[in-house]
Structure formats: structure tokens, C-alpha cells
Amino acid sequence: DPMVAQCLLYSAADAQRVERVAIHHMTPVVSHIHTSGTPTEDNLPKFTRRFHRDVSCSLHTLLCERRYDAPRELFDDRPTHMMRLVDAAAQASHLVYEYTNTVAAGLVERPEHMPMPTLGFDLWKVGYIEVERPPFYFGKNRPERLRLELTPPPLLYHAFGGDIDRLVYHMNRLAEDAIRTLRAARKRPVMGARALRRLHPWSEPRTLREPGGGRLPTFRVGARGIVGRVERIGAAKEVHSFRQEHEECRVARRDGDHERRFPFGTYAWRAYHGAPVERAPLPGAIIARPGPILCDVQAELDRERVDRDEVRDESHAIVDAVRQAFVEEAEEIVDEATLDMAEPTPHRPSRDKPGTNGTNGEKTDNTASDGGDPADDECDPAVVRHRFDKRRVETARRIITLRDRRRGRPPRGSGSHGSDPPG
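Computed from a predicted structure; not experimentally measured. (Residues numbered from 1 in each chain as written. Predicted model: local features only at pLDDT ≥ 70, side-chain atom pairs only at ≥ 80, totals over all residues. Heavy atoms only, no water.)

Q: If you had to explain the overall build of the chain to someone new, which residues and values would you point to?
A: From N to C terminus, the chain includes 12 helices and 8 strands. Across the 423 residues of the chain, 41% fall into the buried class. Across the chain, contacts joining residues at least 24 apart in sequence account for 64% of those joining residues at least 6 apart. About 24,600 Å² of surface is accessible on the chain, with carbon and sulfur atoms providing 50% of the total. (Helix = DSSP H or I, 4+ residues; strand = E, 2+ residues; numbered from the N terminus. Buried < 20%, exposed > 50% of the residue type's maximum accessible area, 1.4 Å probe, protein only. Contact = heavy atoms within 4.5 Å. Areas by Shrake-Rupley, 256 points an atom, 1.4 Å probe, with all protein chains shown as cover.)

Structure (C-alpha cells):
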């Protein structure tokens, strides 16, 4: 539905208008969203909360308007994963990964084939896209039309000496090389845009949930060789020290010491509990030290005389490092990013007792099976069933409940809701 993209982009533009966060790139991938940005103030959690709240509420409203049942929760219970991109190489590598994530996930052959738009690097030249307010959920107190401003990451912009044309050219070249590398690493054909459009809104990936218990990465260093190794070690030590000091301050505050300061970079305790926080990062800090914003980089480039040879060498080193990283890690990226959104194979009914869904005598389509020995059902990765199917399913790793498999509008006067839209 084109309104899905409009809700997503308008929500991002409105959150950017209120919280003043620079957005560099955004890629919707069916079950999640990748967004890269730079906060101009100490308010990134506020931006994330406003953005995700509007996306969730507007898509709930859209589902109801299209006569689907709306889930009570669009995003799962896990917090948003935020990661600091420490240097220009990390920014370039991650942006190319975001742009090609739909290819790595096995959804389409190229990012532009996605039913939902992927914001390409060429938009950095234009600087913005115009988004109209969706005709539902968003009140008239919000602007009818907003500009979603799209700018390059500051460190990457500085590495190319402020030459936006050259930066966009090389990012597009890197994306094309990454697409070819990821397609060569894939072992199965992609779904394609037509199959994606036919997905039921309640369908979920058949891939297993991400394992819990481990700590997610909070930073990424793109530099390679000894320089990158030293920077990664220093950043890891800083994160470890921050977590240790933060826990000590939390325990001290619990025991009544309200004067002890949390380490610089602490947000929740300062914003929600009024706890004191150190006013500056430690000397030599990498992760906690705020990075530059684009206007600061532009002012620095205007003040200094740019050495074109030095800039060319630095940018070429970044491009070569990103290209080599994709060649080395293509298979790992594909394995990690793949979304198995394919519909499960219908289960063969039992010979002595055909199944019904309990409503109108249809044969059930409630298990994923390869059609072989019934004993193989114990290995089924997912089970899809209708919401009125009351039979217990104990062997599946994931149960997908389709809200309604009927087609067309409900009969007049029936008072029923939630059917699929007309085919």
C-alpha cells in the first residue's frame, strides 16, 4: 500500500522537525527499519520515540481502514538498537549495508525493486524530499506538507573534502559492487516484488529469533589494519569502563548517595530521574565524545585549504576498504540478513480425519511441512493457522496466526470486520 511509505516518511520528517535530528539514510526491510542520523542536540531517544510511535499508530489506523485486524503492538519488546559509527569508513560501510539490506535479505534483486522506496544516495544532492500528510491519524495541527531533509554523514563528507558529487558517485559505485557480491553469495532465488506485495500483513519471517543474552555492538570502527585494531581496542575498553562506572553509580544512588555523578553520556538517569552527570567526557574518549555535525564540518572546510591529493588518497582508501570488506563478509552478511518470508507448504491432511477450520468446513492450511513422512512435522520451523483453529500446536518454533483468510467484503449487516481487502 503506498500509504505505508507515506506514513513512514511523514513520521520521520515530523520527528526531524521537532527534535532536529539530521537524517542521512533510511531503508525499510518489511519487518524492521534501518535509519542513520546525527543528533544536533542531546535528544536522540526523543526522536526515536516520536518517530516509532507515529509509525506504529498510523499503520494501525491504516490496517483498520483497509479492513484488517490491527495488532496491539507493531514493534516487538526489544529496545531500538543504536550503534555509533566511529569513523568515515564505518559510516560508508554501514550506509552501503543499509542500502543493500533488502538484497542481502533475499527479498529483491535490486533495492529499487522494493515496493517501498529506499532512499538513495542521490538525494544528498537535492537535500530533501517533500512528504504530504497522510489523510488519517495525523491531526490538522501538523503541517500539510513537510520536507524530509537528507544530508551526508559529517565524517564521510569531510573525508571527501566536501565534494558531494564525488561522494555520491563513489557511494553508488560501492552499492553496485556490493549488490553483485551479495547476489553471488546467495544460494536461493529472491522473493521478488510481486510476492512481497502478496504477503499477508500478519505474516512474519520464518527465521528464528535472534539469540538473547549477548551484548549487542554499540560501536563500529571501519578503519582496517593496525590503526583500526588500536581504535577498536580503545573503544571497547571505554565502553567496558563506562558500563562498570554506570553500574557503580546506580548502586550508590539506590543506597542513598544522590550526589555521585554518572559518567558523561548517561541519558536516562539524567532525563527521567534528574541525576547529576559529568559535564565532559574523559580525555581520549572515543565513544562518549560527541562527533561533529555537518555545519561544523562545512565551516572547517571553508576555513582550511583542502589538499586535493590528500583528500583523494583518504577517500580512495575508504572506498577500497569498504569494497574489500563486502567481498570478505558477503556470505556472513547474507546468512545473517536473510528473511524467510515464503509461505509454508500446506500440511497433508490425515487419512482418517480430514481437518476443518471450525467455521465453514474448509481444509486447514495450518502447518509447514515438506509433504513427506508425518514424523517430519517435528522439524517444522513454523505453523500457520487461522484464528478460529483451536487445535494445539506444540512442535513449531513459531506460530503465525492469520487474522482472516476470507476474501472480499463481509456481507452487509453481518457486523463482521477484519476480512482481507478485495482481491
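Q: Mind laying out the pairing of strand S1 (residues 21–28), listing which residues take part and the relevant values?
A: Counted residue by residue, S1 has 7 buried out of 8 residues, so it is predominantly covered. Alignment of S1 against strand S2 (residues 33–39), held across 7 bridges, turns out to be antiparallel. Looking at the pairing, Pro-28 lines up with Ile-33 of S2. In textbook terms, the turn of a hairpin is the stretch between consecutive antiparallel strands, and for S1 and S2 this stretch comprises 4 residues, one of which, Val-30, has a positive phi near 65°. (Pairing = 2+ DSSP bridges.)

Q: I'd like to hear about the pattern of salt bridges, residue by residue, with values.
A: Per the counting criterion, the structure on display carries 22 salt bridges. A salt bridge links Arg-270 to Asp-42; the nearest nitrogen and oxygen atoms lie 2.4 Å apart. Here Arg-270 is found in helix H10 (residues 268–273), whereas its partner Asp-42 is found in the loop between S2 and helix H2 (44–65), with 228 residues between them in sequence. With a relative accessible area of 33%, Arg-270 lands in the partly exposed category. Between Arg-180 and Asp-177 there is a salt bridge, and its shortest N-O distance comes to 2.3 Å. In this pair, Arg-180 and Asp-177 both sit in helix H7 (residues 164–185), 3 residues apart, roughly one turn of the helix. The class of Asp-177 is buried, set by a relative accessible area of 15%. (Salt bridge = Lys/Arg side-chain N within 4 Å of Asp/Glu carboxyl O.)

Q: Describe the environment of Asp-335, naming the residues involved and giving the relevant values.
A: Examined against the element boundaries, Asp-335 turns out to sit in helix H12 (residues 308–337). Since its relative accessible area comes to 61%, Asp-335 is described here as exposed. As a C-alpha pair, Asp-335 and Lys-187 span 148 residues in sequence and 10.0 Å in three-dimensional space.

Q: Mind laying out the nonpolar core, listing which residues take part and the relevant values?
A: Within the largest apolar cluster, 56 residues are counted, with the highest numbers of intra-cluster contacts made by Phe-51, Leu-119, Trp-124, Leu-148, Leu-156 and Met-171. Of all the elements, H7 adds the most residues to this core, at 9 residues. Those residues within four positions of Met-171 in sequence are excluded, and the remaining contacts are Ala-92, Leu-95, Val-96, Phe-121, Trp-124 and Leu-156. Counting 8 residues, the second largest nonpolar core, distinct from the first, contains Val-29, Val-108, Met-114 and Leu-196. (Core = buried A, V, L, I, M, F, W, Y, C linked by side-chain atoms within 4.5 Å.)

Q: Can you tell me about the packing of aromatic side chains, naming the residues and giving the values?
A: The geometry of two aromatic rings is summed up by the distance between their centres and the angle between their planes. Counted by the stated rule, this structure contains 7 aromatic pairs. An angle of 40° between the planes, with centres 5.3 Å apart, marks the rings of Tyr-99 and Phe-121 as tilted. Of the two residues, Tyr-99 sits in helix H3 (residues 88–99) while Phe-121 sits in the loop between helix H4 (101–104) and helix H5 (123–126), which places them 22 residues apart along the sequence. Across the pair, exposure class does not vary: Tyr-99 and Phe-121 are buried alike. Seen from their ring centres, Phe-121 and Trp-124 are 5.3 Å apart, and the 55° between their planes marks the pair as tilted. Judged by relative accessible area, which is 1%, Phe-121 ranks as buried. Residue Trp-124 is classed as buried on the basis of its relative accessible area of 5%. (Phe/Tyr/Trp six-rings, centres within 6.5 Å; stacked < 30°, edge-to-face > 60°.)

Q: I'd like a description of unusual backbone geometry, backed by residues and values.
A: If you check the backbone angles, Val-30 has positive phi at about 65° while not being a glycine. Residue placement: Val-30 occurs in the loop between S1 and S2. A positive phi is found at Tyr-137, a non-glycine position, where the angle reads about 65°. Here Tyr-137 is to be found in the loop between strand S4 (128–132) and strand S5 (145–149).

Q: Requested: an account of H7, with residues and values cited.
A: Taking 1.5 Å of rise per residue, 22 residues should cover 32 Å, and H7 covers 31 Å from first to last C-alpha, within 8% of that figure. If you check which residues of H7 are buried, you get Arg-166, Leu-167, Val-168, His-170, Met-171, Leu-174, Ala-175, Asp-177, Ala-178, Ile-179, Leu-182 and Ala-185. Elements in contact with the buried residues of H7: H3, H4, H5, helix H6 (154–159) and H12. Structurally, the start of H7 carries an N-cap: the backbone nitrogen of Asp-165 is 3.4 Å from a side-chain oxygen of Asp-163. (Expected span 1.5 Å × (residues − 1). Polar contact = N/O pair within 3.5 Å; in protein donor to acceptor, adjacent residues only side chain to side chain.)

Q: Outline a nonpolar patch on the surface, supporting the account with residue identities and numerical values.
A: On the surface, Ile-226, Val-227 and Val-230 cluster together into a nonpolar patch covering about 300 Å² of accessible area. Mapped onto the elements, Ile-226 comes out in helix H9 (residues 225–254). By relative accessible area, Ile-226 is classed as exposed at 56%. (Patch = residues over 30% accessible without salt bridge, like charges linked within 9 Å, V, L, I, M, F, W, Y side chains within 5 Å.)

Any functional reading would require information that these geometric values do not contain.
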